[in-house]
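# Notes for the structure review
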Amino acid sequence: MNTSLRPAVIAGNWKMNNTPSQAQALITQMLPLVKDASCQVVIGVPFVNLPLACQMCKGTNVKVAAQNCHWEEKGAFTGEISPQMLTELGVEYVILGHSERRTYFGETDESLNKRVLAALNAGLKVILCVGESLQQREANVTNEFVCMQVKLDLQNVSEEMLKNVIIAYEPIWAIGTGKTATAQQAQEVCKTIRACIASLYGKQAADGMTIQYGGSMNAGNAAELLSQEDIDGGLIGGASLKAPDFATIVAAAK
Ligand code: 13P
């Protein structure tokens, strides 16, 4: 982390976990534990929990994220949620391009780019997820692959709009597997992403960009990962479902 250049952001991605009553219990337990955070804290909750989460986090230091959004404002898109529906609730962030969306729901870089543009135009902050598979890592194409994702997903995003983008580097092989990238592996790719941003937008934009690591980040390994120069926060899955663990990770980001 280098908080003199860019804000540190710890975001929980709850994925498809917690009914509204469970969400209420978890947020109630979490809020006091993270209230003195020196980083930005975000929780990404299922759509049905957004109204409750926004209400409970209003006036606190915790911001609320959705886990996806569509690119159109409204229309015949059964089952989809528009950026405008989110902003009206008070949602400030949206996680886009998670590998689970890409793998299980067929999201492509092309449709993701449309979502990114629509979300930014609606005033949301975007947490854009990129990351390689194990096969890609073993074939030594991690850096090229991740840069390609960044370039495709950010097409037509202006330098001004980029200020509302966070990139989350999430190696697919480390998600939910308990297999964390080493701090050196994670640092190397986050540094590569920053260089890619510099090539597209210049050094100042790259220096100012928050880049998170995600993939089995937990209370035990967060401090070491966050001590790396180019890792400015985390996108936390499993460990964000336990308030004390999440709070420990938040406390490590200082
Ligand atoms: P885990 O922390 O459960 O590995 O999940 C990481 C992730 O996918 C966050 O978006």
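Let us look at the structure shown here.

Definitions and limits used
- Residues numbered from 1 in each chain as written.
- Predicted model: local features only at pLDDT ≥ 70, side-chain atom pairs only at ≥ 80, totals over all residues.
- Heavy atoms only, no water.
- Core = buried A, V, L, I, M, F, W, Y, C linked by side-chain atoms within 4.5 Å.
- Buried < 20%, exposed > 50% of the residue type's maximum accessible area, 1.4 Å probe, protein only.
- Helix = DSSP H or I, 4+ residues; strand = E, 2+ residues; numbered from the N terminus.
- Contact = heavy atoms within 4.5 Å.
- Near = heavy atom within 4 Å.
- Polar contact = N/O pair within 3.5 Å; in protein donor to acceptor, adjacent residues only side chain to side chain.
- Areas by Shrake-Rupley, 256 points an atom, 1.4 Å probe, with all protein chains shown as cover.
- Nonpolar A, V, L, I, M, F, W, Y, C, P; charged D, E, K, R; others polar.
- 1 Å grid on protein atoms, 1.4 Å probe; cavity = no way out; pocket = protein on both sides within 12 Å on 5 of 7 lines; lining within 4 Å.
- Points joined across faces, edges and corners; volume = space filled by probe spheres on them.
- Salt bridge = Lys/Arg side-chain N within 4 Å of Asp/Glu carboxyl O.
- Pairing = 2+ DSSP bridges.
- Axes fitted to C-alpha atoms, helices over the stretch in contact; angles between N-to-C directions.
- Expected span 1.5 Å × (residues − 1).

### Some remarks on the nonpolar core
Among the nonpolar cores identified, the biggest contains 75 residues, and L154, I167, I193 and I197 are the most heavily contacted of them. Top element by residues in this core is helix α9 (residues 183-201). It accounts for 8 residues. Filtering out sequence-adjacent residues up to four positions away, I197 remains in contact with V150, L154, L162, I167, G202, A205, A206 and M209. With 11 residues, the next largest nonpolar core counts I127, C129, I166 and L235 among its residues.

### Some points on the site of the ligand
Around the ligand sit N13, K15, H98, E170, A174, I175, G176, G215, S216, L235, G237 and G238, and that is every residue in its neighbourhood. Between an oxygen atom of the ligand and a side-chain N or O atom of E170, the distance comes to 2.8 Å. The separation between an oxygen atom of the ligand and a polar main-chain atom of G176 is 2.6 Å. Contact with the protein chains hides 94% of the accessible area of the ligand, taken as 300 Å² for the molecule alone. Of the residues contributing to the shell around the ligand, the split by class is 3 nonpolar, 7 polar and 2 charged.

### Here's the deal with empty space enclosed by the protein
If you walk through the whole model with that rule in mind, you get 1 cavity of 30 Å³ or more. The space that makes up the largest cavity amounts to roughly 50 Å³. Around the largest cavity, the lining residues are G97, H98, S99, R102, C129, V130, G131, Q149, E170 and I172. Broken down by secondary-structure element, the contributors of at least two residues to the lining of the largest cavity are α4 (99-104) and β5 (125-130). Taken together, the residues of the lining of the largest cavity break down into 3 nonpolar, 5 polar and 2 charged.

### Here's the deal with the pattern of salt bridges
One pass over the structure, following the stated rule, counts 16 salt bridges. Measuring nitrogen to oxygen at the nearest pair gives 2.8 Å for the salt bridge that ties R194 to D232. Remark: D232 occurs in the loop between α11 (222-226) and β8 (233-236) and R194 occurs in helix α9; sequence separation between them is 38 residues. The exposure class of R194 is buried, given its relative accessible area of 6%. A single network of salt bridges, built from pairs that share partners, joins R6, R194, E229, D230 and D232.

### Thoughts on the sheet that holds β8
The pairing of strands in a sheet comes from backbone hydrogen bonds and takes either a parallel or an antiparallel form. Spatially, 8 strands are ordered β1-β2-β3-β4-β5-β6-β7-β8 in a closed barrel, and the strand pairing comes out parallel. Direction aside, the axes of adjacent strands within the sheet are offset by 25° on average. Here strand β2 (residues 40-44) runs beside strand β3 (residues 62-66); their pairing, made up of 4 bridges, is parallel. Residue pairing across strands places G44 opposite A65, the latter belonging to β3. Across the sheet, α9 lies against β5, β6 (165-169) and β7 (211-214), angled at about 145° from β6, the strand it touches most.

### With respect to the pairing of β8
Judged by which residues are buried, β8 turns out to be covered on both faces: G233 and L235 on one side and G234 and I236 on the other are all buried. Where strand β1 (residues 9-13) lies against β8, 4 bridges are found, and the strand directions are parallel. Bridge pairing in β8 places G12 opposite I236. Sheet topology places β7 next to β8; 2 bridges connect them, and they run parallel. Note on β8: the bridge partner recorded for Y213 is G234.

### Looking at helix α5 (residues 109-121)
Over its 13 residues, α5 extends 18 Å from the first C-alpha to the last, a length consistent with the 18 Å expected when each residue adds 1.5 Å. Judged by how many residues are buried, α5 sits mostly within the fold: 10 of 13 residues are covered. By the burial criterion, the buried members of α5 are D109, S111, L112, N113, R115, V116, L117, A118, A119 and L120. Just past α5, the residue G123 takes up positive phi, approximately 95°.

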